[in-house]
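Each chain is listed here by its residues.
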Amino acid sequence: MKKLVTAAAAAGIGFNSVHSAPLPEATADDVGVSQQRLAKLDEFFAREIASKRVPGAVVAIARDGKLIHYKAYGQLDPAKGKSMPLDAMFALASMTKPMVAVAGLILMEQGHLPLQARLTDYYPEFANMKVGVPLPDGSLEFQTQSSPIYIHDLYRHTSGLTYGAPPDSSDQVARLYPDFAAPPLRGDKQAFIEAITKLPLAHQPGTEFEYGFSTDVLGAVVEQVSERRLGDYLASNLWKPTGMQDATFHLSESQREHPFPDDPLTGKPQEIELLEIPTKFDCGGACAFATVGDYVRFGQMLLNGGELDGQRILGPKTVRHMISDHLGPEIKNKVANVEPHRAGFGFGLGVAVRINEGLSAVPGNPGEFTWTGAYGTQFFCDPKEHLVVVVGTAAPGEIRKYYREQVQYIVYAAIIR
């Protein structure tokens, strides 16, 4: 791969001097993006870093398969004053999910994991889960599943599994569930399965988009079917063939991105727990780490229809199926409950999918597919614009949603043809 030479573009921005470019390079103007307008991204992060609202970031933008922006801003670790390198390792949190979806689809293409297989074929314990129906007095009524949980439900978050909510939440079922990062930090995979199958489902399977532990369970199914640890399977079948050199579930001590010790919006202490405590299993919903350069290659592979640099990961028809809406009118769409700017989006197999013009708080085209991570990462791919954008920040509070929106505004404003 070519070498990318970067230089500081604005005050408060720090770059590596030389680093391998993850994709072939082009100037922004050559592919219909105004370099002058795209420079607003440098100004934006310089301003945010100077205001101590975010310690640093790495941003990669590709159009027509060419890398037109690849920069590191600010600091990797604000406590130590270390500049942000291009190869900083970001805790991907829920951006682990699209990669695990690809792992499942690889098995599907091989005839090993059909979408309409029942989850109980792999983990019989899920047959015993009841559906918790809230009653006016605050108690729960427990109903038998009217339909089994299918593998399809795990991809599109219609299994009825949810994530934990604070004790003061009005959601009686979610209050019973753990935080998204708790299971891999507290116990092994079998302990996770045993614990979660003792809880009620939030909804009848196949009826509502309910964001939660579905992809963690899908990762466990991938392990059952492949007879390999999830990270090993991803390394062999996705990360290495795609050239995602640093993607992993097991992080070394160096080059970890760290947030500010206090949330800049609330002043309350914050941390990224997955950076500090080794996980006990490869959780498919939240536990992977990668560089922004790794993830832009992943996004480009999907945008290319499942192939990158001569290595085919998925067939183009499978990718098309993955990035199509799988909720439809009969399933309650609560995607915008996860992030308010996702109005107008449905959900495919592991990714949110834009299905309407307008409605969303951010610009884009129908067919855009995307997801984000709780610690401040985001990616979106727009097939119509031949565009891939990946952002890594250490911003685990609500401010992360602000950065997602601002980056998307600036990038689309720079597209002039």
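This section reports on the structure supplied with the text. (Residues numbered from 1 in each chain as written. Predicted model: local features only at pLDDT ≥ 70, side-chain atom pairs only at ≥ 80, totals over all residues. Heavy atoms only, no water.)

Quick look at the overall build of the protein chain
A count of helices and strands for the protein chain gives 13 helices and 16 strands. What you see for the protein chain is a C-alpha radius of gyration of 21 Å, in line with the 22 Å of a compact globule of 417 residues. Projected onto its principal axes, the C-alpha coordinates of the protein chain cover approximately 60 × 45 × 40 Å. Here the analysis covers contacts within the protein chain between residues at least 6 apart in sequence; of these, 68% occur between residues at least 24 apart. Working note: accessible area of the protein chain is about 16100 Å², and carbon and sulfur atoms make up 50% of it. On the protein chain, the mean spot of the 39 positive side-chain charges and the mean spot of the 47 negative ones are 3 Å from each other. (Helix = DSSP H or I, 4+ residues; strand = E, 2+ residues; numbered from the N terminus. Rg over C-alpha atoms; globule rule 2.2 N^0.38 Å. Contact = heavy atoms within 4.5 Å. Areas by Shrake-Rupley, 256 points an atom, 1.4 Å probe, with all protein chains shown as cover. Lys, Arg positive; Asp, Glu negative; His and termini not counted. Charge placed at Lys NZ, Arg CZ, Asp CG, Glu CD.)

Some details on the sheet that holds strand S16 (residues 387-393)
With respect to topology, 8 strands assemble into an open sheet ordered S5-S4-S3-S16-S15-S14-S13-S12, the strand pairing being antiparallel. The open sheet has two edge strands with one neighbour each: strand S5 (82-83) and strand S12 (345-347). In the sheet, strand S3 (residues 56-63) pairs with strand S4 (residues 66-77) via 8 bridges, with the strands oriented antiparallel. The residue bridging glycine 56 from the neighbouring strand is glycine 74, located in S4. Along the sheet face, helix H13 (residues 399-414) touches S3, strand S13 (352-354), strand S14 (369-372), strand S15 (378-382) and S16 and points at about 35° away from the line of S15. (Pairing = 2+ DSSP bridges. Axes fitted to C-alpha atoms, helices over the stretch in contact; angles between N-to-C directions.)

Quick look at helix H3 (residues 96-109)
In this model H3 runs 20 Å from its N-terminal to its C-terminal C-alpha over 14 residues, within 8% of the 20 Å that 1.5 Å per residue would give. Along H3, the positions that sit buried rather than exposed are Thr96, Lys97, Pro98, Met99, Val100, Ala101, Val102, Ala103, Gly104, Leu105, Ile106 and Leu107. Of the residues flanking the end of H3, it is glycine 111, one or two places downstream, whose phi is positive at about 80°. (Expected span 1.5 Å × (residues − 1). Buried < 20%, exposed > 50% of the residue type's maximum accessible area, 1.4 Å probe, protein only.)

Describing the pairing of strand S7 (residues 131-134)
Remark: a regular strand shows side chains that alternate across the two faces of the sheet. The pairing of S7 with strand S8 (residues 140-143) spans 4 bridges and is antiparallel. Its bridge partner being in S8, valine 133 is matched across the sheet by glutamate 141. Hairpin connection, S7 to S8: the antiparallel pair is bridged by 5 residues, and glycine 138 has positive phi, about 90°.

With respect to the pattern of salt bridges
Considering all chains together, one arrives at 15 salt bridges under this definition. Lysine 40 is paired through a salt bridge with glutamate 43; the nearest N and O atoms lie 3.8 Å apart. In this pair, lysine 40 and glutamate 43 are both assigned in helix H2 (residues 40-50), 3 residues apart and thus about one turn of the helix distant. Of the residues examined, lysine 40 reaches a relative accessible area of 45% and is grouped as partly exposed. Its salt-bridge partner being lysine 71, residue aspartate 42 comes within 2.8 Å of it at the nearest N-O pair. One end of the pair, aspartate 42, is in helix H2; the other, lysine 71, is in strand S4, and 29 residues separate them in sequence. (Salt bridge = Lys/Arg side-chain N within 4 Å of Asp/Glu carboxyl O.)

Here's the deal with the layout of surface pockets
What the largest pocket holds in volume is close to 940 Å³. Those elements giving two or more residues to the lining of the largest pocket turn out to be helix H12 (335-338), S14 and H13. Of all the elements, H13 adds the most residues to the lining of the largest pocket, at 3 residues. Residues that form the lining of the largest pocket fall into these classes: 14 nonpolar, 9 polar and 12 charged. (1 Å grid on protein atoms, 1.4 Å probe; cavity = no way out; pocket = protein on both sides within 12 Å on 5 of 7 lines; lining within 4 Å. Points joined across faces, edges and corners; volume = space filled by probe spheres on them. Nonpolar A, V, L, I, M, F, W, Y, C, P; charged D, E, K, R; others polar.)

Quick notes on H2
Leu41, Asp42, Phe44, Phe45, Ala46, Glu48 and Ile49 are the residues of H2 that are buried. In this structure, the buried side of H2 is in contact with helix H1 (35-38), S3, S4, S16 and H13. The first or second residue beyond H2 is lysine 52, which carries a positive phi of 55°.

Focus: the state of the cysteines
Taken as a whole and judged by the stated rule, the model has 1 disulfide. What pairs with cysteine 283 in a disulfide is cysteine 287, and their sulfur atoms sit 1.9 Å apart. The sign of the S-S torsion, about 95°, decides the handedness of the disulfide formed by cysteine 283 and cysteine 287: right-handed. By the burial criterion, cysteine 283 is buried, and cysteine 287 matches it. (Disulfide = S-S within 2.5 Å.)

Thoughts on unusual backbone geometry
In this model, lysine 52 sits at a positive phi of 55°, which is unusual for a non-glycine residue. Counting through the fold element by element, lysine 52 comes out in the loop between H2 and S3. A positive phi angle, close to 55°, is found at aspartate 64, a residue other than glycine. As for its placement among the helices and strands, aspartate 64 is situated in the loop between S3 and S4. The exposure class assigned to aspartate 64 is partly exposed, which follows from its relative accessible area of 43%.

Concerning the packing of H3 against helix H7 (residues 214-226)
At a closest axis distance of 10 Å, the pairing of H3 and H7 adopts a crossing angle of 35°. In the packing of H3 onto H7, the handedness of the crossing is left-handed. The segment H3 lies against H7, with Lys97, Val100, Ala101, Ala103, Gly104 and Leu107 engaging Thr215, Leu218, Gly219, Val222 and Val225. Class assignment of the residues belonging to the contact of H3 with H7 gives a composition of 7 nonpolar, 3 polar and 1 charged. (Left-handed = near helix turned anticlockwise from the far one by under 90°.)

Digging into the packing of aromatic side chains
Given two aromatic rings, one states the distance between the centres and the angle between the planes to describe the pair. Under the criterion given, the structure shown has 23 aromatic pairs. Between phenylalanine 45 and tyrosine 403, the ring centres sit 6.2 Å apart and the planes meet at 20°, which makes this aromatic pair stacked. With phenylalanine 45 in helix H2 and tyrosine 403 in helix H13, the pair connects residues that are 358 residues apart, well separated along the chain. We note that phenylalanine 45, like tyrosine 403, is buried. With a centroid separation of 6.3 Å and an interplanar angle of 50°, the aromatic rings of phenylalanine 298 and phenylalanine 379 are classed as tilted. Within this pair, whereas phenylalanine 298 is found in helix H10 (residues 292-303), its partner phenylalanine 379 is found in strand S15, the two being separated by 81 residues in sequence. (Phe/Tyr/Trp six-rings, centres within 6.5 Å; stacked < 30°, edge-to-face > 60°.)

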